[in-house]
Amino acid sequence: MAAPSWIRPPRAALLLVLLLAFHLSLSLAANFEGFDSDDLPSAAGGLDSGDEEEEVDLDLPPPPPISHSASAPSPPVTTSTPNPNPAKPTPPNPTPALDLWDEDEFEGIPVPEVVSPDESSAQAEAAPSDPSAEAAAEAAPAPKRSPAELLRAFSVEIACVSFLICFVLNYFTGKRQNEAIALAWATKFATRDSIFDKNFSLLGTGDGKDTPLLLKEGQDVFKFYASGRRFCQGMLATMEMRARHDLLSKLLELVFPRKDTITFEVVMNEDAMDHVVVAVARKKLAKTMQKEERDLQRFAGVLNSAPGGRRWVADELAVVAESKEVAGDMITEAVLDQVLGDKAFEKFGKYFISLHFSDQVAGSYKKVLTFKFVLPDVNNMTEMTRLVALVPYYIDLVGRYKLSSHARSKTEAARTKAAQEAFRELQSARQEALQKKKAEKKKLMEEAEAKLSAEALRKKEEKERARQMKKSGPKVKMLRS
């Protein structure tokens, strides 16, 4: 049965009803809290794309204002887009979505910081993006500095260069001064018709005419050699100067002063020197020599009085001798008048250091005469003439000297005792060395045994036991019939 015509609504009426329902739903969605009205056209456009036949232009009313909670009012948040021209800042365009922000609806979401136009323009000016401007700033010349600023900036370099220049200049000047003193001494005492030329037949290190008199071993050490004289094998003079060429040493000498010295060492012949051990020096130095020198420590002692009540050395000096007889025979009246007496020592004593004669010197040569003096400067070299004259004088005196029988018996007994002590010391040193060698050998054997296996150790013990039994058994001597 067919339905009546008034019951079936027309198609136009149904379409109008659907459009009216769609319009009401969009208006309700716009009034829902938390949604923007700007999104409505896009939603309407999405629905219109499904229906390609008809296009609907929706004109929706503006949404009602949203009330904010009074518990914690939030400041209005605005965003701005950077203007490419910082000279003319443009006011920011507020977004409707940020104007409708409800902090009760979205809690915990950070609020974007508001950047003012002035700050954005200042940042743009502080960091220019133009590379040509940066290159121009780098290529700009630095401002000129004053001399005072330059001195402060390069003070360390200037000090180092100045020190090097002073060091080089001091090296050459000090070297020249030491050479001048050595040449002045050689000119005065080692040239033709001088003291050493008259007392030695050979001066210098060679036998030619062009042989240099002085041998330079360093910038502050010079040596002179002479030979060809009776009672001695030769004489060696060593001049030790101040280290004038070394700037640091010169600065150190301000605290610990030094003097230029010359030392004469005369090696006597074996048959030309009797038992003589004697030394003369200033009192403090004489005590030091008696403690440090082995021959003075063993055989000699400090003399507190003059032998036989005779005239003696100056009060500043002390004599260390094996006996008073030797001291009295070595320090003669001529020596007292020339150098070691009271009046002579006041005038020439400033250049005197020590005398040391001994036939028991430790070293390759046993019989040696040693003289040590201070070198004067170039202009006062003649003041040590009397001191230099002591060298040939004592060579002849010691070469001719003979001890008395009484003194010789004492000196021989002392030397015999010293020889026995030296032999015992040598034997004890040899025994110690032998014991040390045996201990090291035993230690090596124990280490080797520790590394052996049990079988090898057992074989070694059997071999050692057999050797001991063979050694302890009776000896049988086989005789031929």
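Asker: Sorry, what's going on with the pairing of strand β4 (residues 232-240) here?
Answerer: Side chains on a regular strand alternate between the two faces of the sheet. Sheet topology note: the strand β3 (residues 221-227)/β4 ladder contains six bridges and is antiparallel. Bridge assignment links valine 221 to a residue of β4, and that residue is glutamate 240. Linking β3 to β4, which pair antiparallel, is a turn of four residues; within it glycine 228 sits at a positive phi near 90°. Here β4 runs beside strand β5 (residues 261-268); their pairing, made up of eight bridges, is antiparallel. Bridge pairing links glutamate 240 to threonine 261 in β5.

Asker: Can you walk me through the nonpolar core in this structure?
Answerer: Burial of nonpolar side chains together is a common tendency in soluble globular proteins. Ranked by size, the top nonpolar core spans 67 residues in total, and within it Trp185, Phe264 and Phe371 carry the most contacts. Per-element tally for this core: the top contributor is helix α15 (residues 385-400), with seven residues. Those residues within four positions of tryptophan 185 in sequence are excluded, and the remaining contacts are Ala190, Phe196, Phe224, Ala237, Met239, Ile262, Phe264, Leu375, Met381, Met384 and Val388. Core analysis: the second largest hydrophobic core is formed by eleven residues, Met289, Leu296, Ala318 and Val320 among them.

Asker: Teacher, can you tell me more about the packing of helix α13 (residues 333-340) against α15 here?
Answerer: Packed helices, taken two at a time, are described by the angle between their axes plus the distance between the axes. In contact at an axis separation of 10 Å, α13 and α15 are set at 160° when each is read in the N-to-C sense. Taken together, the axis directions place α13 and α15 in an arrangement best described as roughly antiparallel. Here the hand of the crossing between α13 and α15 comes out left-handed. For the pair α13 and α15, the contacting residues are Ala334, Val335, Asp337, Gln338 and Val339 in the first and Arg386, Leu387, Leu390, Tyr393 and Tyr394 in the second. For the contact of α13 with α15, a count of residues per class yields seven nonpolar, one polar and two charged.

Asker: Looking at this structure, I do not really get the side chain of threonine 263. What am I missing?
Answerer: Relative to the elements of secondary structure, threonine 263 occurs in strand β5. Note on threonine 263: relative accessible area 14%, which makes it buried. Non-local contacts of threonine 263, meaning those with residues more than four positions away in its chain, are made with Leu236, Ala237, Thr238, Thr370, Phe371 and Lys372.

Calculation notes
- The residue count restarts for each chain, going from 1 along the sequence in the order it is written.
- Local features are withheld for residues below a pLDDT of 70 in this predicted model, meaning they are given only at 70 or higher, and side-chain atom pairs are given and counted only at 80 or more; totals for whole chains, interfaces and linings count all residues.
- The side-chain values count all of the structure's non-hydrogen atoms but skip hydrogen atoms and water molecules.
- For two strands to be treated as a pair, DSSP must find at least two bridges joining them.
- Under the scheme used here, helices are H or I runs from DSSP no shorter than 4 residues and strands are E runs no shorter than 2 residues, and both carry numbers assigned from the N terminus.
- By nonpolar core is meant a set of buried Ala, Val, Leu, Ile, Met, Phe, Trp, Tyr and Cys residues that side-chain atoms within 4.5 Å join together.
- Accessible area is worked out with a 1.4 Å probe on protein chains only. A residue is then buried under 20% of its type maximum, exposed over 50%, and partly exposed in between.
- Should any heavy atoms of two residues lie within 4.5 Å, those residues are counted as being in contact.
- Helix axes use the C-alpha atoms of the stretch in contact, all axes being lines fitted to C-alpha atoms, and the angles between their N-to-C directions lie in the range 0 to 180 degrees.
- Under this scheme an angle from 65 to 115 degrees is roughly perpendicular, one under 35 degrees roughly parallel, and one over 145 degrees roughly antiparallel; angles in between are oblique.
- Crossing chirality is assigned from the near helix's rotation relative to the far helix, an anticlockwise turn below a right angle marking it left-handed and a clockwise turn marking it right-handed.
- Under this grouping Gly is polar, as are all residues other than the nonpolar Ala, Val, Leu, Ile, Met, Phe, Trp, Tyr, Cys and Pro and the charged Asp, Glu, Lys and Arg.

On their own, these measurements won't tell you what the molecule is for.
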